[in-house]
Amino acid sequence: MKKRLLSLVLATSCIFGLVACKDDEKSQKDEKDSKTENYASGQESSDEGDIGLGKQEYIVNSSYKSNTLYAFDEKGNKLEEFNVDKLNEYMDKAGYKPDFVSVSAADDGVLYCHYADYDNDDYKFLALDYKTGQVEAIDGLLDNASTVISYCYDGKIYSAKYDYDTNVYQETAYEKDGDDFSFKEVKDEEIEIENHDVLYNGDGKVNLANRMFDDIGFALVEIRTNGKRDGIGKLTSDGKVEKVEGFKEKSYSSKCYNENYFVFSCYDDETYTDEGFFVYDFATGKTAELDIPVDASIIGMQNDTFYYQAKSDSWEDDLDYNIYAYDLDTNKSECIYTVEHVAGAGSLFTYTVAYGDTIYVANVDGEQLKLYKVDKSGDIRDLDCPIKSYSAFKYGTVISDYNEVKCEYCDATLYTVYEEAFVLDDKYSPCAQQINDTLKAKLDAAMAYTPEYDEDECEYHQDELDKESDDVTVTGVKIINDNYLLVDMDSYWYGGGAHGMPGMWEYIFDLTTGEELTFADFYSGTEEDFKNLVATKVKEDFESQSAEGQTPYYFAETAEDIYNTAYDYVSLDNANILFDEDKVTYYFYPYDLASYADGFQYYEFTYEEILGTNTLTR
């Protein structure tokens, strides 16, 4: 494929962190029945349809907070495992801060990573040989732009970036240079496209024009005239664009497509309200609305079937998600699997993804959250891939309840609440029932809350933005020194506007008495001592940032100002404290010291600093 300069522009829509690698896709299709190679994990393919001469790898969980990353082939067979701690050690030894590293792709024992140090404007694309720990920067893939997307495809590393100043989209390819750990540019794979957009294709594979040329013969582009949308067209590898005459939509968002169908959603130009999903048939030139929920999430596409995820219909199952297969040839949708909500496990919706021929979901198994493969018939297979462990399920269980409050005058929903409560196993305390009764009472109180309203407000009740909601979840459980139970809670309240407000707190119980405690039960100093202790720590952070040449992100402009602000917010009776085995953390809410985007602000103390002891004790 020769370098092409085309009068087109590729849109930058993409999927971050979950990226595919492929060697010789055509060989793969022709050799389906040959045996799978043994990879680093030493595991042979045990699934149907072994992948043959080529291989295709997927990092399916690099965006999760997991200590292990997994690479799979397109059939869902596990190829390799990568320990995150080991990866971080390699990066640290090579001079790169692990916190700024994100894995983009894997290919036969090599991890490809973005490095983005925003404070120092340092952006690199790195290759890590996981066996040896060698790290090399691939020059030319990132060019000091943090928004560049990188993929593995056809044995090469591709970057895809859009330059808003020149209105040029570029795809650049690199490959290993011989047997040594160096890389060279593949000029024949370079693409430069300007003045149009190549539409996003969420079909479950890498989002590259080069890949779509190979797979279906064209990449779908958005045609613009005088800066406005003027239809779509098929871009082919020779640089030509054939306009799709039957497509007339102006306000749409591309979801997925193949050689036969284009699936998209439409929205209202003025309110940007979603109006539903539609399909354009390239053969007939007709557009039809799809019978799927407006809030559905498209997972991927295989042949003429696309997969989507949507909530269950009833509020009792509101946190369950169904996975559907929609056959575009027959216009029929079928539920193939339900991802069941588990109180204490968080939203499992975010783990569902389709790559290659595989749909991955996450389910709770005992104390662990694990990855599973779901096939088209709804059969599920455990992939032996733990993602995370739940401390709450180590010490007990989690229960939940849901309530919605409706206006008695207009029947509009005014308020919804979902809340969880931890239930301690009897073996950890003779007072477990007393503790559980206290936690259950908090849950019941939340269910009983009703917001105030009157009949004159009914005209506002129809507005979705006027609805109030509150979600409270159990995020962790600890037992310290066999004496103290700590239950970590998160919340998110929404009452209108651009966003809601997050919250967090920690319940503390004495396991020997069943008594609920507060931070004040452990702290022996005065209110003044405590306020000064925390405010001084905040001031020191401000001064440290300034000394390093950074502009502190706080609202305050001087160290003295930030001390005063922190001092005013700190309270001994309502201390924002989190206890751990080896440290104590004080936190401030968004907007207390900095912007909402900067989130919570955390400050760590030793037990000696804050309690005058070496551990949690009264």
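Residues numbered from 1 in each chain as written. Predicted model: local features only at pLDDT ≥ 70, side-chain atom pairs only at ≥ 80, totals over all residues. Heavy atoms only, no water.

A. Molecular detail of the overall build of the protein. Helix and strand counts for the protein come out as nine helices and 39 strands. For the protein, the residues scored as buried account for 51% of the 618 residues in total. Across the protein, every contact between residues at least 6 apart in sequence was considered, and the portion connecting residues at least 24 apart equals 49%. Carbon and sulfur atoms make up 43% of the accessible area of the protein, which totals about 29,200 Å². (Helix = DSSP H or I, 4+ residues; strand = E, 2+ residues; numbered from the N terminus. Buried < 20%, exposed > 50% of the residue type's maximum accessible area, 1.4 Å probe, protein only. Contact = heavy atoms within 4.5 Å. Areas by Shrake-Rupley, 256 points an atom, 1.4 Å probe, with all protein chains shown as cover.)

B. Layout of empty space enclosed by the protein. In this structure the tally under the stated criterion is two cavities of 30 Å³ or more. The space that makes up the second largest cavity amounts to roughly 50 Å³. Lining the second largest cavity we find Glu419, Glu420, Ala421, Phe422, Leu439, Lys442, Leu443, Met489 and Tyr507. For the lining of the second largest cavity, the secondary structure elements donating two or more residues are β32 (413-424) and α5 (432-448). With four residues, the single largest contributor to the lining of the second largest cavity is β32. (1 Å grid on protein atoms, 1.4 Å probe; cavity = no way out; pocket = protein on both sides within 12 Å on 5 of 7 lines; lining within 4 Å. Points joined across faces, edges and corners; volume = space filled by probe spheres on them.)

C. Expanded view of the nonpolar core. One finds Leu371, Phe422 and Leu485 to be the most contacted residues of the largest nonpolar core, which totals 52 residues. With near-sequence residues (within four places) excluded, Phe422 lies in contact with Ala392, Tyr395, Gly396, Thr397, Val398, Asn436, Leu439, Val474, Val477, Leu485 and Val487. Of all hydrophobic cores here, the second largest spans 36 residues; its members include Tyr153, Tyr162, Leu199 and Val206. (Core = buried A, V, L, I, M, F, W, Y, C linked by side-chain atoms within 4.5 Å.)

D. Quick peek at the packing of helix α7 (residues 527-547) against helix α8 (residues 559-569). Packing of α7 against α8 brings their axes to within 8 Å, and their N-to-C directions diverge by 145°. Handedness of the crossing formed by α7 with α8: right-handed. Between α7 and α8, the residues in contact are Glu528, Lys531, Asn532, Ala535, Thr536, Val538, Lys539, Phe542 and Glu543 and Ala559, Glu560, Ile562, Tyr563, Ala566, Tyr567 and Asp568, respectively. The residue inventory of the contact of α7 with α8, partitioned by class, reads eight nonpolar, two polar and six charged. (Axes fitted to C-alpha atoms, helices over the stretch in contact; angles between N-to-C directions. Left-handed = near helix turned anticlockwise from the far one by under 90°. Nonpolar A, V, L, I, M, F, W, Y, C, P; charged D, E, K, R; others polar.)

E. Spotlight on the pattern of salt bridges. On inspection of all chains with the given rule, the structure shows 22 salt bridges. A salt bridge links Asp117 to Lys97; the shortest N-O distance between them is 3.9 Å. Here Lys97 lies in the loop between α2 (84-93) and β6 (101-107) and Asp117 lies in strand β7 (residues 110-117), a separation of 20 residues in the sequence. The buried category is assigned to Asp117, whose relative accessible area is 3%. On the accessibility criterion, Lys97 (43% relative accessible area) is partly exposed. A salt bridge links Asp510 to Arg618; the shortest N-O distance between them is 3.1 Å. Of this pair, Asp510 sits in strand β35 (residues 501-510) while Arg618 is found in the segment after α9 (607-610), placing the two residues 108 residues apart along the sequence. (Salt bridge = Lys/Arg side-chain N within 4 Å of Asp/Glu carboxyl O.)

F. Focus on the sheet that holds strand β26 (residues 332-339). One open sheet accounts for four strands, arranged β23-β24-β25-β26; its pairing is antiparallel. Each edge of the sheet is formed by a strand with only one pairing partner; in this case those strands are β23 (297-302) and β26. With strand direction ignored, the average angle separating the axes of adjacent strands in the sheet is 25°. When β23 meets strand β24 (residues 305-311), the two strands line up antiparallel, connected through five bridges. Bridge pairing links Met301 to Phe306 in β24. (Pairing = 2+ DSSP bridges.)

G. Focus on unusual backbone geometry. The residue Asp384 is not glycine, and still its phi comes out positive at about 55°. Tracing the sequence through the fold places Asp384 in strand β30 (residues 380-389). Located in the positive-phi region is Tyr591, a residue other than glycine, with phi close to 80°. When you line up the elements, Tyr591 lands in the loop between β38 (584-588) and β39 (601-605).

H. Spatial organisation of the packing of aromatic side chains. Inspection of every chain in the model, using the stated rule, returns 49 aromatic pairs. Here the aromatic cluster, defined as three or more aromatic residues joined through ring pairs, consists of Tyr484, Phe519, Phe522, Tyr523, Phe530, Phe579, Tyr586, Phe588, Tyr603 and Tyr607. Between the NZ or CZ atom of Lys86 and the centre of the ring of Tyr130, over which it lies, the distance is 4.7 Å. The ring of Phe282 has Lys234 sitting right over it, with the charged end atom 4.5 Å from the ring centre. (Phe/Tyr/Trp six-rings, centres within 6.5 Å; stacked < 30°, edge-to-face > 60°. Lys NZ or Arg CZ within 6 Å of the ring centre and 35° of its normal.)

I. Quick peek at the sheet that holds strand β8 (residues 122-129). Across the sheet, which stays open at both edges, the four strands sit in the order β6-β7-β8-β9 with antiparallel pairing between neighbours. In this open sheet, the two edge strands, each paired with only one partner strand, are β6 and β9 (135-137). Neighbour to neighbour, the strand axes of the sheet diverge by 25° on average, direction disregarded. Across three bridges, β8 lies against β9 in antiparallel orientation. Counterpart to Ala127 in the pairing with β9 is Glu136.

J. Representation of helix α3 (residues 209-216) within the structure. Burial runs high along α3: seven of the eight residues are buried. Every buried residue belonging to α3 is among Ala209, Asn210, Arg211, Met212, Phe213, Asp215 and Ile216, and all of these are buried. Positive phi shows up at Gly217, right after α3, with a value of about 95°.

K. Summary view of α8. Among the residues of α8, those classed as buried are Ala559, Ile562, Tyr563, Ala566 and Tyr567. All buried residues of α8 fall inside an arc of 135° around its axis, so they share one side. Tucked into the core, α8 has its buried residues touching α7 and β38. (Arc of directions from axis to C-beta.)

L. Representation of the pairing of β23 in the model. With five of six residues buried, β23 lies mostly within the body of the structure. Joining the antiparallel neighbours β23 and β24 is a turn of two residues, in which Asn303 adopts a positive phi near 55°.

M. Seen up close, the confidence of the model for the protein. Per-residue pLDDT for the protein has a mean of 84; in total, 88% of the residues score no lower than 70. Confidence scores differ between elements of the protein, with strand β1 (residues 4-6) showing the lowest mean pLDDT of 29 and strand β36 (residues 516-517) the highest of 98. (pLDDT = per-residue confidence, 0-100.)

N. Inspection of the state of the cysteines at higher detail. The final tally for this structure, using the stated rule, is zero disulfides. Among the cysteines around Cys458, which has no disulfide bond, Cys410 carries the closest sulfur, lying 3.7 Å off. When its relative accessible area of 17% is taken as the criterion, Cys458 is described as buried. (Disulfide = S-S within 2.5 Å.)

O. Structural context of a negative patch on the surface. A cluster of like negative charges, contributed by Glu408, Asp454, Glu455, Asp456, Glu457 and Glu459, occupies part of the molecular surface. Tracing the backbone through its elements, the reader meets Glu455 in the loop between α5 and α6 (458-461). We classify Glu455 as exposed; its relative accessible area is 51%. (Patch = residues over 30% accessible without salt bridge, like charges linked within 9 Å, V, L, I, M, F, W, Y side chains within 5 Å. Lys, Arg positive; Asp, Glu negative; His and termini not counted. Charge placed at Lys NZ, Arg CZ, Asp CG, Glu CD.)

P. Region of interest: the pairing of β6. Here β6 lies mainly inside the structure; six of its seven residues are buried. Direction of pairing for β6 relative to β7: antiparallel, over a ladder of six bridges. Bridging from a neighbouring strand, Ala106 pairs with Leu111 of β7. Hairpin connection of β6 to β7: two residues between the antiparallel strands, including Asp108 at a positive phi of 55°.

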